[in-house]
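Commentary on secondary and tertiary structure
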Amino acid sequence: MDKAQYAIMYRIEDTHWWYAGMRSITDALLRTCRADRRWGDVLDAGCGTGGTLCRLPESARGVGIDFSPDALELCRERGLTRLARASVEHVPFADSSFDIVVSSDVIYHAGVSDDVAALREFCRVLRPGGIAVVRIPAYDWLRSAHD
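One broad trend across soluble globular proteins is that nonpolar side chains are buried collectively. In this structure, Leu 43, Ala 45, Ile 65, Val 88, Val 101 and Phe 122 are the most contacted members of the largest nonpolar core, which totals 17 residues. Looking at this core, the elements that each hand over two or more residues are β1 (40-45), β2 (60-66), β4 (98-104) and α5 (115-125). Among the elements that make up this core, the one with the highest residue count is α5 (three residues). The contacts of Phe 122, once residues within four sequence positions are left out, are Ala 45, Val 88, Val 101, Ser 103, Ile 107 and Val 134. Judged by nonpolar contacts, the second largest core, of 15 residues, contains Leu 53, Leu 56, Ala 60 and Ile 100.

Here Asp 41 lies in strand β1. A polar contact is formed between the side chain of Asp 41 and the side chain of Arg 61, at a distance of 2.9 Å. Among the polar contacts listed, one links the side chain of Asp 41 to the side chain of Arg 127, at a separation of 2.9 Å. Residue contacts for Asp 41: discarding those within four places in its chain leaves Arg 61, Ser 97, Phe 98, Asp 99, Ile 100 and Arg 127.

Attention now goes to helix α2 (residues 17-33). Spacing of three or four residues puts side chains on the same side of an α-helix, whose turn is 3.6 residues. For α2, built from 17 residues, the straight-helix expectation of 24 Å at 1.5 Å per residue is met to within 8% by its first-to-last C-alpha distance of 24 Å. Where α2 is concerned, the buried positions are Met 22, Arg 23, Thr 26 and Leu 30. Angular distribution of buried residues about the axis of α2 spans 100°; they occupy a single face of the element. Structural note: α2 exposes Trp 17 and Thr 32 on the side pointing more than 90 degrees away from its buried face. Packing partners of the buried residues in α2 comprise α3 (51-54), β4 and β5 (126-135).

Moving on to the packing of helix α1 (residues 3-12) against helix α4 (residues 69-77). At a minimum axis distance of 9 Å, the contact between α1 and α4 shows a crossing angle of 25°. Regarding the angle of α1 to α4, the classification is roughly parallel. Crossing geometry of α1 relative to α4 is assigned as right-handed. Residue-level inspection shows Lys 3, Tyr 6, Ala 7 and Tyr 10 of α1 in contact with α4, the latter providing Asp 70, Ala 71, Leu 74 and Glu 77. For the contact of α1 with α4, a count of residues per class yields five nonpolar, no polar and three charged.

Confidence along the protein averages 89 in pLDDT terms, with 92% of residues attaining 70 or more. For the protein, α2 is the element with the lowest average pLDDT, namely 89, and strand β3 (residues 83-85) is the one with the highest, namely 98.

What follows concerns the pairing of β1. In terms of burial, β1 is largely enclosed, as six of its six residues are buried. By the bridge criterion, six bridges tie β1 to β2 in an arrangement that is parallel. Following the sheet pairing, Gly 40 is matched in β2 by Ala 60. One ladder, built from three bridges, connects β1 with β4; its direction is parallel. Its bridge partner being in β4, Val 42 is matched across the sheet by Ile 100.

So, how was this worked out
- Residues numbered from 1 in each chain as written.
- Predicted model: local features only at pLDDT ≥ 70, side-chain atom pairs only at ≥ 80, totals over all residues.
- Heavy atoms only, no water.
- Core = buried A, V, L, I, M, F, W, Y, C linked by side-chain atoms within 4.5 Å.
- Buried < 20%, exposed > 50% of the residue type's maximum accessible area, 1.4 Å probe, protein only.
- Helix = DSSP H or I, 4+ residues; strand = E, 2+ residues; numbered from the N terminus.
- Contact = heavy atoms within 4.5 Å.
- Polar contact = N/O pair within 3.5 Å; in protein donor to acceptor, adjacent residues only side chain to side chain.
- Expected span 1.5 Å × (residues − 1).
- Arc of directions from axis to C-beta.
- Axes fitted to C-alpha atoms, helices over the stretch in contact; angles between N-to-C directions.
- Parallel < 35°, antiparallel > 145°, perpendicular 65-115°, else oblique.
- Left-handed = near helix turned anticlockwise from the far one by under 90°.
- Nonpolar A, V, L, I, M, F, W, Y, C, P; charged D, E, K, R; others polar.
- pLDDT = per-residue confidence, 0-100.
- Pairing = 2+ DSSP bridges.

This is the structure:
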């Protein structure tokens with residue numbers, strides 16, 4: 001995405017129905033899976049402007065990666081510091097580093113040349129028994145010009 005699109009995301013991510021609804025669904029899925037234990041280390045793979053990272057429960061230690069320096073700068077404006085500039089195809093963390101990987105509307109983007117490699121990376125960095133929540137559009141008509 002270009003810088004202008006990230007600026008729009010940053011401005012509306014807290015209140016727009018799409019972002020709020022998708023966060024709510026992801027949160028409900030993870031709370032069901034983690035109802036009796038702490039969330040632990042969470043990787044937001046393709047964190048964009050940081051809206052998901054800002055809303056993790058207190059038991060989570062969130063880390064975000066994004067390939068865009070513009071997105072990461074907006075994360076920093078939110079006060080986020082546990083960030084890395086990286087591709088989802090080459091996650092810069094050791095094997096079994098995370099309890100949860102969340103990747104929302106990322107691996108189908110034109111900038112990701114190998115979605116299978118991204119999924120392999122998510123599996124690699126997950127600890128045994130870890131959970132991955134990967135969201136992509138159900139239909140091609142849900143995609144936009146920057147996808």
